[in-house]
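# Understanding the architecture of this molecule
So the chains spell out like this:
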Number of protein chains: 4
Amino acid sequence: MSSLLRQSHKLALRLSSARSMASVAADRPLRVGIVGAGRIGQVHAQGVQRTSAVVHCIQLPARASEPDRAEKIAKTYGIPNWTNDASEVLSHPEIDVVLICSPTDKHAEQIIEAAENKKHIFCEKPVDLSLEVVNKAIKATEDAGVKLMIGFNRRFDANFARVKQAIDRDEIGKVNMVRITSRDPGPPPVSYIKSSGGLFCDMTIHDFDMARFLVGDEVDEVYAMAQSVNPDIAAAGDIDTAVILLKFRNGVICYIENSREAAYGYDQRVEALGSKGSVACDNKHSNQVVISTNESVRRDLPLHFFLERYMDAYVAEMEAFIRVCTTEGASVPVGGNDGREALLLALAANKSLAENRPVKVDELRASF
Amino acid sequence: MSSLLRQSHKLALRLSSARSMASVAADRPLRVGIVGAGRIGQVHAQGVQRTSAVVHCIQLPARASEPDRAEKIAKTYGIPNWTNDASEVLSHPEIDVVLICSPTDKHAEQIIEAAENKKHIFCEKPVDLSLEVVNKAIKATEDAGVKLMIGFNRRFDANFARVKQAIDRDEIGKVNMVRITSRDPGPPPVSYIKSSGGLFCDMTIHDFDMARFLVGDEVDEVYAMAQSVNPDIAAAGDIDTAVILLKFRNGVICYIENSREAAYGYDQRVEALGSKGSVACDNKHSNQVVISTNESVRRDLPLHFFLERYMDAYVAEMEAFIRVCTTEGASVPVGGNDGREALLLALAANKSLAENRPVKVDELRASF
Amino acid sequence: MSSLLRQSHKLALRLSSARSMASVAADRPLRVGIVGAGRIGQVHAQGVQRTSAVVHCIQLPARASEPDRAEKIAKTYGIPNWTNDASEVLSHPEIDVVLICSPTDKHAEQIIEAAENKKHIFCEKPVDLSLEVVNKAIKATEDAGVKLMIGFNRRFDANFARVKQAIDRDEIGKVNMVRITSRDPGPPPVSYIKSSGGLFCDMTIHDFDMARFLVGDEVDEVYAMAQSVNPDIAAAGDIDTAVILLKFRNGVICYIENSREAAYGYDQRVEALGSKGSVACDNKHSNQVVISTNESVRRDLPLHFFLERYMDAYVAEMEAFIRVCTTEGASVPVGGNDGREALLLALAANKSLAENRPVKVDELRASF
Amino acid sequence: MSSLLRQSHKLALRLSSARSMASVAADRPLRVGIVGAGRIGQVHAQGVQRTSAVVHCIQLPARASEPDRAEKIAKTYGIPNWTNDASEVLSHPEIDVVLICSPTDKHAEQIIEAAENKKHIFCEKPVDLSLEVVNKAIKATEDAGVKLMIGFNRRFDANFARVKQAIDRDEIGKVNMVRITSRDPGPPPVSYIKSSGGLFCDMTIHDFDMARFLVGDEVDEVYAMAQSVNPDIAAAGDIDTAVILLKFRNGVICYIENSREAAYGYDQRVEALGSKGSVACDNKHSNQVVISTNESVRRDLPLHFFLERYMDAYVAEMEAFIRVCTTEGASVPVGGNDGREALLLALAANKSLAENRPVKVDELRASF
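Residues numbered from 1 in each chain as written. Chains lettered and ligands numbered in written order. Predicted model: local features only at pLDDT ≥ 70, side-chain atom pairs only at ≥ 80, totals over all residues. Heavy atoms only, no water.

- In the annotation of an unreviewed UniProt entry, chain A is listed under the name Myo-inositol 2-dehydrogenase and assigned to Phytophthora rubi.
- Quoted straight from UniProt, the Sequence similarities (unreviewed entry) entry for chain A says "Belongs to the Gfo/Idh/MocA family." (UniProt positions renumbered as here; feature names shortened; annotations may be inferred.)

## Focus: the domain arrangement of chain A
Residue and element names in this part refer to chain A.
- If you check the domain split of chain A, you get domain 1 (31-146) and domain 2 (157-309 + 333-366).
- Each of domain 1 and domain 2 has a C-alpha centre, and these two points are 27 Å apart.
- If you look at the interface, domain 1 gives 11 residues, while domain 2 gives 16 residues.
- With both sides pooled, the region where domain 1 packs onto domain 2 buries about 1,100 Å², and carbon together with sulfur makes up 75% of that total.
- Considering only the side of domain 1, the residues that lose the most area to domain 2 are K125, L129 and L131, jointly responsible for 48% of the buried surface there.
- At the junction of domain 1 and domain 2, the tally comes to zero salt bridges. (Domains from an automatic or database assignment. Contact = heavy atoms within 4.5 Å. Buried area = accessible area lost by both parts, 1.4 Å probe. Salt bridge = Lys/Arg side-chain N within 4 Å of Asp/Glu carboxyl O.)

## Let's talk about the pairing of strand β2 (residues 54-59) of chain A
Residue and element names in this part refer to chain A.
- For β2, a buried count of five out of six residues is recorded, marking the element as mostly surrounded by other parts of the structure.
- Relative to β2, strand β1 (residues 31-35) runs parallel, the two being bridged by five bridges. Across the sheet, residue G33 finds its bridge partner in β2, namely C57.
- For the crossover from β1 across helix α1 (residues 39-49) to β2, the handedness is right-handed. (Buried < 20%, exposed > 50% of the residue type's maximum accessible area, 1.4 Å probe, protein only. Helix = DSSP H or I, 4+ residues; strand = E, 2+ residues; numbered from the N terminus. Pairing = 2+ DSSP bridges. Right-handed = clockwise from strand over helix to strand, strands pointing away.)

## Concerning the relation of the copies chain A and chain B
- Of the transformation placing chain A onto chain B, the axial shift is 0.0 Å and the rotation is 180°, giving an RMSD of 0.0 Å. Accordingly, the operation relating the two chain copies is best matched by a two-fold axis. The position closest to the rotation axis in chain A is occupied by the C-alpha of R357 of chain A, lying 2.9 Å away.
- A shared interface surface links the copies, since 100% of the contact residues of chain A are contact residues in chain B too. (Least-squares fit on C-alpha atoms with pLDDT ≥ 70 in both.)

## Focus on the interface of chain A and chain B
- Taken together, the contacts link 39 residues of chain A with 39 residues of chain B.
- Between chain A and chain B, the buried area comes to about 3,100 Å², and carbon and sulfur atoms account for 61% of it.
- Seen at the junction of chain A and chain B, the total is four salt bridges.
- The salt bridge involving R183 of chain A is made with E271 of chain B; its shortest N-O contact spans 3.0 Å.

## So, the packing of aromatic side chains
Residue and element names in this part refer to chain C.
- The final tally for this structure, using the stated rule, is 20 aromatic pairs over all chains.
- Seen in terms of ring centroids, F160 and Y310 are 6.4 Å apart; in terms of plane orientation they differ by 40°. Their pairing is tilted. Taken together, the residues span a long stretch of sequence, with F160 in helix α6 (residues 158-168) and Y310 in helix α10 (residues 306-325) at a distance of 150 residues.
- Owing to a relative accessible area of 2%, F160 belongs among the buried residues under this scheme.
- Looking at Y310, the relative accessible area reads 1%, which means it is buried.
- On the numbers, 5.8 Å between centres and 85° between planes, the contact of Y266 with Y310 is edge-to-face. One end of the pair, Y266, is in the loop between β10 (253-259) and β11 (267-274); the other, Y310, is in helix α10, and 44 residues separate them in sequence. (Phe/Tyr/Trp six-rings, centres within 6.5 Å; stacked < 30°, edge-to-face > 60°.)

So, in structure tokens, the structure goes:
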């Protein structure tokens with residue numbers, strides 16, 4: 001236990017000794033460990049701070065050029081402990097639950113290690129790009145009896161949650177069609193694209209989850225049409241502009257539109273058509289100001305950056321996770337199976353695109 | 001010339017004898033003959049009245065139960081002449097141009113007859129459900145040197161025309177994706193469905209034309225996914241809910257969403273995403289009034305009926321037709337080829353649905 | 001009868017001889033005579049053409065420089081007769097009803113002449129700038145038993161009519177406050193300003209009528225605050241920017257905001273706050289298109305010109321007038337008293353501004 | 001020092017001894033003391049937590065029925081110290097700056113006490129209902145050389161700040177007219193009304209500040225028109241529905257509309273008309289979801305509660321205060337003079353209403 005739990009200069013915490021989660025004293029906050037302190041790890045650090053829980057330790061691998069970056073981040077967010085070693089977080093007895101915010105290729109092994117150490121787990125999406133690996137990770141959590149929540153944050157967004165509520169409350173009757181518009185303000189670096197697993201696994205996976213969330217059923221068949229507008233993305237073998245059709249088992253048709261480049265910003269809308277009407281959400285803007293001149297009636301752009309757009313959703317997501325972890329018998333709102341099904345849809349979309357034909361999801365399911 | 005040109009009680013017109021259209025005296029209004037005086041024929045009668053032209057005669061077949069219905073309609077719209085016989089309109093020397101508003105199965109033969117009589121022709125969509133027949137009709141107009149305009153009225157709608165203008169003016173850069181939402185407020189009678197040629201030929205055909213209009217290119221490949229929500233429509237062998245993907249030759253992806261039943265009314269929107277931004281249009285409402293109570297912030301429904309929604313477009317369309325007919329060398333904004341290409345897309349969508357695979361438009365083109 | 005009823009080259013009308021309006025044959029259209037063929041007279045000429053009535057004759061004084069301008073306008077609108085002499089229209093037996101669209105200083109005498117000739121009268125606002133003269137004109141119509149409708153066209157606008165309907169249907173409960181925003185896109189020429197009677201009589205008079213229309217009561221007290229932003233308007237002794245407060249007898253507070261110059265166009269909105277909520281209307285736009293770029297989310301300007309903005313209202317107004325004139329016992333929706341009360345409010349606002357104090361409307365009423 | 005600084009169970013803070021604020025070590029957070037822990041005091045406690053400062057102590061008078069309520073609130077917000085005695089907060093050497101969130105009648109004396117103890121001060125609005133008392137309090141801060149910021153939180157709201165920015169950036173040219181709409185979702189208890197100082201001092205005071213903020217000048221003359229819709233408020237001698245006109249020295253006209261009861265929620269909008277256009281803001285909603293059925297196109301109500309509506313503004317306000325307190329030579333964005341001028345306008349509006357005449361602000365200024 002060399003690197004872990006160097007005490008902060010601000011807080012001298014007396015830590016209790018190892019115990020199972022069931023024994024978390026009701027009178028102290030749940031202690032969260034964060035593995036990976038990149039952009040999304042830091043977002044969750046802030047999210048936890050708005051819940052009843054506390055971030056107890058944060059991990060970030062050291063770099064030769066920056067050996068103390070875990071410490072720096074810990075200090076920025078007032079986190080009392082830090083380490084370079086993920087295993088210390090995943091196994092330490094003073095930590096109740098872990099957030100896995102490391103690169104995708106580490107997710108599955110870290111889920112397994114955390115499960116073995118009886119930690120409840122929140123893991124960023126996707127769990128892995130291999131269905132086999134995902135299945136193994138899920139099985140580990142089931143065997144260990146720990147909770148596994150997957151970071152499909154958009155389910156916790158006020159707009160999408162209200163759309164879901166409208167459906168659940170029968171405000172629009174039986175749903176027949178769902179449209180998801182999901183456009184990024186600009187493409188990531190080509191280096192990122194190359195290791196992203198492709199548009200469908202990296203970006204559309206959120207939309208696949210949204211489709212399943214709103215429709216409340218599984219997909220039977222997938223067809224994808226795409227192009228690469230950006231020549232660098234094309235050269236990297238990926239696409240940046242796509243429409244994906246999903247035929248659900250219950251007959252509902254869902255279509256997802258993706259673009260890596262919407263000049264006006266982050267565009268995140270859904271619309272559902274039901275027998276009694278429709279529900280749709282528009283983008284969020286930082287203000288409701290309209291300026292009218294002799295040229296146009298205009299307003300400022302929608303929120304541009306996903307962290308700004310979804311900050312409230314990240315907080316709500318973390319609140320849900322903490323609530324589930326502190327409530328006996330509560331089940332997670334987005335579980336391992338949700339992670340697996342969204343991946344299946346991404347893989348089916350990849351296959352559809354490669355073979356230019358509609359692909360049954362069961363074709364992929366059968367191969368595992 | 002028994003039935004034609006019974007003079008109205010109001011106007012004693014001295015009609016000139018037969019002459020070619022080129023000789024239409026600049027000092028008298030263009031004389032329009034209307035074949036078919038159903039709903040759409042009457043709409044065009046009103047449209048012509050807002051142009052510089054006049055409706056000279058209207059035709060409607062007599063019914064045993066209502067032998068004088070042509071006369072009734074003529075009087076309602078102040079049209080001086082009426083007849084039960086389409087050929088009288090199509091061939092009469094006092095008539096300069098004809099509007100063909102009869103049932104679809106009459107369109108082609110009436111186009112051919114009008115062409116032989118050297119009338120410029122406006123014909124409602126679709127020209128015919130057979131590509132071969134459409135080709136023959138188009139050829140007849142070409143051989144006769146008369147103009148043929150097809151009634152894709154939506155091109156003349158202020159919203160869609162403004163979207164097109166935004167594209168043409170480079171307000172959104174190079175177009176990469178187009179979305180068309182086209183929902184009817186409710187299904188037509190099943191009897192109509194049965195003779196309609198199916199959703200794609202009857203309803204989507206407008207959207208296929210809109211796609212070509214906005215993208216400005218031809219479609220390479222079509223894929224359609226559909227369902228029948230309404231059991232009566234299913235029983236009639238048709239669909240009522242569909243998404244159709246179009247891959248244009250220039251790479252643009254267009255997706256069209258159709259529903260026969262939107263509880264809130266007629267829903268007609270398009271959106272285009274380009275390299276510099278997007279352009280989108282919302283529905284038209286009869287007023288801009290918002291009522292806020294302790295329950296909701298609400299407004300009245302969008303315009304419900306297509307005639308109400310598109311009345312201004314019908315007038316603009318008719319103005320365009322009259323302008324073209326009275327301008328030496330002017331070419332129609334929507335020609336026979338546009339009618340043919342839209343039909344090709346409908347047939348490709350039918351094939352895609354039947355065979356559940358993407359269909360190249362050239363597959364169909366090749367078969368003629 | 002020298003100049004009147006030169007027959008048009010198109011129509012050879014056999015006119016019946018003089019008769020009272022009650023004898024208007026149900027089987028021929030009501031014949032309308034228009035006095036004054038300026039901008040608004042021409043608007044009404046078009047409005048009548050969309051009703052069941054016909055414009056029978058239009059009058060416009062000859063100018064030395066343009067002796068045939070009445071004829072030119074008549075031909076433009078297909079009106080069969082024209083004259084330079086208003087009296088010919090006001091007295092001719094073949095004309096059933098008259099529209100008085102002449103300059104304001106002619107209105108009252110022409111109303112009186114038309115009334116003496118037993119014509120129903122539509123008169124543009126304001127009837128006159130003198131309350132005494134207005135009273136005389138109204139009395140003449142009452143004595144003659146003819147109908148007098150005042151051209152407060154905005155009551156017939158789809159937005160304002162819907163606001164009124166929301167109030168009448170109790171959608172917002174008991175009304176407590178009304179706001180009227182009324183801004184012109186730009187000031188008229190100073191020459192017009194000088195003879196306009198001032199902002200309150202020329203422009204706000206519409207808003208005073210709207211206030212009475214929406215509140216459904218009479219005003220007790222008026223207070224006005226104003227400034228002259230435009231130095232030319234200031235030099236002409238008028239104001240261009242004002243807020244006028246109205247305290248109604250029933251306690252409702254209404255505030256009207258006026259500006260002669262809104263760079264973005266014609267701005268016409270009302271809002272009412274009631275015990276159960278609010279109703280508000282936004283401006284009308286020529287399309288519902290939104291363009292989003294990396295600079296803004298924008299739409300085109302609202303309808304800029306009052307004729308464009310209110311064309312539908314003018315038509316609806318004329319339909320209402322024709323309906324009233326052709327319906328036994330029907331009373332006009334906007335009568336002489338409405339014209340008088342709106343004028344009273346304008347005069348009270350003038351007095352309030354001159355003396356910088358709240359003015360009781362009864363102060364002015366008492367002085368007549 | 002009996003009650004103050006009972007150490008929390010969580011933090012063992014080593015507090016430095018008394019020192020001037022200039023000596024606040026850059027390496028420790030600014031320590032904030034809060035006087036008054038009612039609703040708004042608690043809001044600011046949360047606001048401070050999102051800044052770099054910490055709440056060091058919170059004060060709330062003990063009640064016989066609830067002797068430990070200061071402690072309870074301190075624990076809720078993780079504040080290490082609490083007391084029942086305001087003076088302990090205002091004078092304690094370990095506290096750098098104070099937030100005065102007590103009832104209005106305590107504000108002035110507490111400002112004076114804090115100033116004597118060399119604390120920078122944030123005080124909720126209004127400073128006092130007596131101009132004389134306000135002047136004394138301001139003088140005390142000037143004499144002591146401490147900063148005094150007044151809690152006009154709306155200046156920090158994203159919408160109003162953007163409106164101000166549009167004006168400052170000359171996006172709408174020279175401002176000529178400003179409209180402020182400010183409606184509460186429902187009246188406070190009559191008991192509150194009675195001690196509130198009346199609508200203008202209690203509610204409109206925010207709008208008076210907004211008017212001065214946006215126009216950037218002082219008011220010359222005030223006229224108010226009002227009514228009491230709610231009979232209980234009338235019985236309490238207050239009004240609940242009002243329009244207040246402000247004529248600024250630079251000619252700008254501002255009109256403020258207030259209602260204590262808007263059934264649909266908290267309604268907070270401003271609009272400014274300038275020589276180049278207008279800027280306006282609409283209300284904030286919790287989501288951007290629209291539901292369309294066969295009855296209406298509707299969305300959820302605007303944010304209903306002022307804490308929800310303005311939470312972000314409160315945080316931004318507190319950030320601004322902390323920033324000013326930690327920046328040598330920085331001046332507060334909303335100072336004592338702003339508090340005084342807003343009060344003057346409220347008093348002028350009271351006088352205008354009482355005497356039903358326009359009131360020059362200098363009339364009131366002169367009387368002190």
